[in-house]
Amino acid sequence: MGQPRINSSSEAAALVAQRIRQLERESRRENLGRAWYKLSRNPMSVVGLAMVLSLILLAIAAPWVTPYPKHAGPFTDFANAKIPPCGRYLLGTDQIGRDILTRIIFGLRSSLLMGVVVLALVVPPGVLLGLLAGYFHGTWIDTLIMRITDIFLAVPPLILALAVASVLKPNLWNGMMAVSLMWWPWYTRLVYGLAVALRNEYFVTAAEITGASAGHILFREMLPNVLSPVFTKMSIDIAWVIIIGSMLSYVGLGVQPPEPSLGTMISDGARYLPDQWWIAVFPALAIVVVVLGFNLLGDGIRDMFAAEEI
Amino acid sequence: MSLGRFLVRRIVHSIFVLLGLSIVIFVIARVMPGDPARMALGARAPQWVVDRVREQMHLNEPLTVQYVYWLRGALRADFGLSLVTQRPVTADIQEFFPASLELVLLAGLFSAVGGIGLGVLSARYKDTWIDNVVRVISYAGIVTPSFIFAILFVLLFGFVLKWFPVIGRLSEHTVAPPTVTGMVTVDALLAGRLDAFADALRHMVLPALALAMGSIAQEARITRSSMADNLGKDYIAAARALGISERVVMGRFLLKPSLIPTVSILGLDIAATLGVAFLVELIFNWPGLARYGMTSMLHKDLNAISAVILVLGVAFVTVNILVDIIVAYLDPRIRLRAARSE
Amino acid sequence: MSSTPLLLEIKDLHVHFAVYGGRLKVLDGVNFVMQSGERVGLVGEAGCGKTTTMKAILQVLPTPPAVIPCGEIYFKGRDLLKMNPNQLQQIRGRGISMIFQDPTAALNPVFTVGQQLKAVIKHSAVRGRPLSADEVHQRAIQSLQEVALADPERLLKSYPIQLSGGMRQRVCIGMALATNPELLIADEPGTSLDVTIQDQVLRLLHRLVKEKNTSVILITHTLGIVREMTDRVYVMYAGNIVEVAPTAGLFSRPMHPYTIGLMQAVPRLTGGGVSDGIPGRIPNYLQPPTGCRFHPRCPHVMDICRQEKPASYQVDDDHYVACFLYRGEEGKGS
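Cut-offs and rules
- Residues numbered from 1 in each chain as written.
- Chains lettered and ligands numbered in written order.
- Predicted model: local features only at pLDDT ≥ 70, side-chain atom pairs only at ≥ 80, totals over all residues.
- Heavy atoms only, no water.
- Pairing = 2+ DSSP bridges.
- Helix = DSSP H or I, 4+ residues; strand = E, 2+ residues; numbered from the N terminus.
- Axes fitted to C-alpha atoms, helices over the stretch in contact; angles between N-to-C directions.
- Contact = heavy atoms within 4.5 Å.
- Buried < 20%, exposed > 50% of the residue type's maximum accessible area, 1.4 Å probe, protein only.
- Polar contact = N/O pair within 3.5 Å; in protein donor to acceptor, adjacent residues only side chain to side chain.
- Right-handed = clockwise from strand over helix to strand, strands pointing away.

## Structural notes on the sheet that holds strand β10 (residues 240–246) of chain C
Where strands meet in a sheet, backbone hydrogen bonds hold them as pairs that are either parallel or antiparallel.
Residue and element names in this part refer to chain C.
Okay, so step 1: Strands sit in the order β6-β7-β8-β3-β9-β10-β12-β11 across an open sheet of eight strands; the sheet is mixed. The outermost strands of the open sheet, each flanked by one partner alone, are β6 (96–99) and β11 (313–316). Taken over all neighbouring pairs, the strand axes of this sheet differ in orientation by 20 degrees on average, direction set aside.
Okay, so step 2: Relative to strand β9 (residues 232–237), strand β3 (residues 39–43) is paired through four bridges, and the arrangement is parallel. Looking at β9, one finds that L42 is bridged to Y234.
Okay, so step 3: Sheet strands touched by helix α8 (residues 195–212): β3, β6, β7 (183–187) and β8 (215–220). Its angle to β7, the strand with the most contacts, is close to 170 degrees.

Set out below in C-alpha cells:
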C-alpha cells in the first residue's frame, strides 16, 4: 500500500475525516447486506415481506382492483344475496348481496390503518417513558412512571380498550384511541428493562463523565441501543393491534357499517353458519393471512437484529 | 423467610396496583362518559329522573368524594345494580365468574401440557419433520385469533363432525348438579355425578381449546427456542463432557432452566385469556364473566363494567403472584436476589 | 515416538463454523499427540482455536454452526469421531474430563452444586454397578474436600450464584476430577479470577493431578503457568500447531517466530519496560492468509510462506517447528 504524502496537519485531518466517512459508508453498506442476508436466510421471512407489501398495495389500490367497488358502501342487492363462491363472485356474496372479495379488500384498509396509527401513537411515548424511568432508575421519576405502568399492565389491554371504547362514541378513531391508551405501557416496560441495564454500561458512564447532557445520553447513547427490540416488538404488535381492531368491530365498537371491516363481516357471517359458511370464513381467513404476513416478517426482523451465534 | 418476604412484598405491591387500577376504572366509568346518570337512563328519560339518579349516585359531589364513595362500595363488594339484569352486580358476578374461571383453568391446562409437550418434542427432534410439523402448528396457533378458532371449531367439530356440543355448559337432558362452587365440573364431582362431569367437560373442550390455541403455540415456541438457546450454553457442554447421559442432560439439566421463560409467559397468557374470552364465550353462548362484561359494555351498564374490570384485575394480579412463586421456585437466582435485596 | 500406546492422538483435525458470509475455518489441520501420564501445555493468543480443539475432542462443540469436515481423534487407539453417542458417553467423564474456561458459565444456575456434582458421580459408575445414594453423597463430599472447600455439606445445598468466583472454580475442578479421569483438559483455569486466587487454584490443581497421576492438557495464554506445570508444550496459532517442544527446550530455545514473539510479549520485572509484542492480530478466519497463516505478521516472511503451508520440521529431539526457516535443518519430522 502506498502511503499518501501529507503536507500539513489540516490535510491530514481532511484525509482522516474522508477515510472515516468512507468507512462509515462501507460499514453501513455491509450492515445492510448483513441485515438482508439474515432476513433472506429464512425464505419464510421473505414470503412474509412479500405478503405484507402486497397487502398494503392491495389496500391502497382497492378502488381500482376490486370487482365491485360500489359494494364497499351502502349497497344492497337482495336478488343476489348469499350466493356461494362462483365465477362472478369469487368469494360469494353476503346476506344483502355484496361481493365479499371487494369488502375484504376494502376492510384491509381500516385494519392496516389501525395498526399503523396505533403504533405511531403508542411507540414514541412508550419508549420515551421507559428511557426516562430507566435512566433515572431509583428516583421518584422511575417510581412514578413505573407504578403507573404497572397499573395498566395489571389488566389485559383488550378489556380496558373495550371499556374505553364502550363509553366513547363507537367508531374507528375512538377504537384506535382506546387501544392506544392501553398499549403504551408494554413499550415502557420493555424499554425500561433495557435502559436500566444500559445505565451501567461503560459508554453511558463515559458520556456522563465527559459532562454530556441527560438529553444527549437518553437520545444519542441509550435510544439507539433499545431500538432493535422495539422494532421487533412493533412488527409482531401490528398484527396484534389488527386482531384487537377486528375484535372491537366484531362486537360493534369499531368501524361502523356500512363501512366494511373484517371483524364486522365475521360477526355478521357467524349468524349464517354453517350453511352460508363463506360469509364468515373468508373474512376470517383474511385476518389469518394478514396476521401471518406480519408475523413472518416480524420473525425475519428479529433474526435481522439477533446477534450472530458462535 | 426469604420466599415469604418476597411474597409479602409482591402482595403489598399488588394492592397498590389494584388501588391505582380502581382510579383508572373510576375515570373510565364515571368521568369519561360525561353524565353517567344520563348514560344509564338513556336519552328519553325525563330530566327530573336523571337529577334524582344523579343525587343517588353522588354525582353532584366533587370527583374525589365520588371516588371515595365508589371505592367504599367496591371494597364491600357493592357495585350497585346492573342495568341489564336488574340485580346487584355482585350477584351477577358470583354467577358468571366461576363459569369463566372453569373455562380458563381448562384452557390453562391445555396450554401447559400441550405447549410444553410440543415445545420439548420440537426441540428434541430439532430440524426433523416432527419439528417442522410442530412449528407449522404453532405458527397457525399464533397467527389465528381465538375467536376465529372458535368459529372454525364450531363449524368443523360441531356441525361437520358433530364430535362436541357447541352451546352452553350442559346438555338439555343432563340435570345440573347442585351449585356449590359454580364450576359445573367441580360441582358434579362434589355431588358424585360422573355423568354430569363428563357432559360438562365435553361442553368445555371446544371453547377451552379455542382459548388455549394461541398460548399452546406460544408456549411451544418459547420452550423450543429457550431449549435451543440453552443447548449452546457451556453448562450443557460441561454436563456432557463430564459424562452425564444425553437423557439426563436433556430431560433435567436443559429442561429446567428452559422452562423458566415458558412458565412466566404461560401465566401471563392464562391471565390474558380471561381478557380475550369475550368473543369465544359469545360464540359458544357460554354464560361467563366475559360475556357478561361484553353485554354490559354494549348497554353502557357502567356499574357492571367497573365491577368486571376490577374482578379481572384481581384475577390477573393473583395469577401473576402465583407465577412469580413458581418461577422463584424454579429459578434460585430470583429467589436469592429477592432475599438479598431486603 | 516411543512404542507405548498413545493416550491421545489428533490427526489433521479441521473444524469450521458456518456463519454469515461463509465458513470460519478455525482449525486448519491440527496434529497433536500425548502419552499417558504426560502434562502438556497448549498456548496461544485468545481466539487461536485452543478451546475449539478441546471441545472437539469431547465433541461438545455446538453443531450447528460447527462442522468437522475431516480429521481423526484417537483416545487409546479408538477414534472418538466414529463413536456412537453411547460409546462416547463411556469415554466422557471417566476417560476424558474437562474444566471449562468460565466456571460461572459452566455451572448450571438452577441446580445446586450437589445436584450437579452427584449427577456427574452417578454417571461415572461402572456400567451395571450403580452407586448407592450414600456412596454418591460420600464421594461428592470427598470431591469438595479434595479441592479444599470448607463445609462441603452446606456447599452441596448451595446454588452457584451463592458462591464466590474462586469457589466456583474449585467446584468445577472438583467436579472434573470426581470421575477420576485418565485425561483432564483444563481450559484456562482461573483466568477469570484475580491473580492471588488464580495462583492458589493452579497450585491446587497442580498438586491434585500429581497425586492422582492424571494426564493433563493445560490450556493457557500465560507462559509462566506453562513453565511451572507442564512437561511439553504445543504452541498454537490461528488453528495450526506451530511448534512442539519439551517445556524446558521451548523456553531455552524458542524457534517459531510466533513463539519468539509470544515470549517477548511477556512483561518482565527485571527487563527494561514492556516489549511491543507481536504486531497485528489473529487473522480473519473467513479468508485466512494463504500459505503459513502467520506470514502477514511474521518479521522473517519469505516468498514461499505466502504460497505454501509449512510442514512440521524436526529440529531437535521432540522439538518440531512448522516454519520454512527451519526447512532442511536436521532430519525431517513427521
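So much for the structure itself; the text now carries on.
## A look at the environment of V154(B)
All names here are of chain B.
Okay, so step 1: Among the secondary structure elements, V154 is positioned in helix α7 (residues 146–160).
Okay, so step 2: Under the relative-accessibility criterion, V154 is labelled buried at 8%.
Okay, so step 3: Not counting residues up to four positions away in its chain, the partners in contact with V154 are F159, V166, I283 and F284.

## Looking at the side chain of T264(A)
Residues and elements named next belong to chain A.
Okay, so step 1: Its location among the elements puts T264 in helix α10 (residues 262–270).
Okay, so step 2: At 2.7 Å, the side chain of T264 and the side chain of S261 are in polar contact.
Okay, so step 3: The contact partners of T264, leaving out residues within four places of it in the chain, are S249, Y250 and V255.

## Thoughts on the environment of L144(C)
Residues and elements named next belong to chain C.
Okay, so step 1: Among the secondary structure elements, L144 is positioned in helix α5 (residues 133–146).
Okay, so step 2: Measuring from C-alpha to C-alpha, the distance between L144 and M175 comes to 8.2 Å, with 31 residues separating the pair along the chain.
Okay, so step 3: For L144, the contacting residues outside a window of four places in its chain are L117, L149, P152, L155, L156 and V171.

## Quick look at the pairing of β8(C)
All names here are of chain C.
Okay, so step 1: In terms of residue burial, β8 counts as a mostly covered element, since six of its six residues are buried.
Okay, so step 2: Taking every second residue as pointing to the same face, both faces of β8 are buried, with S215, I217 and I219 on one and V216, L218 and T220 on the other.
Okay, so step 3: Note that β3 and β8 share five bridges and pair parallel. Counted as the bridge partner of G41 is L218 from β8.
Okay, so step 4: Sheet topology places β7 next to β8; five bridges connect them, and they run parallel. Residue A186 lies in a different strand from β8, and its bridge partner there is L218.
Okay, so step 5: You can see the chain leave β7, run along α8 and come back into β8, and the turn it takes is right-handed.

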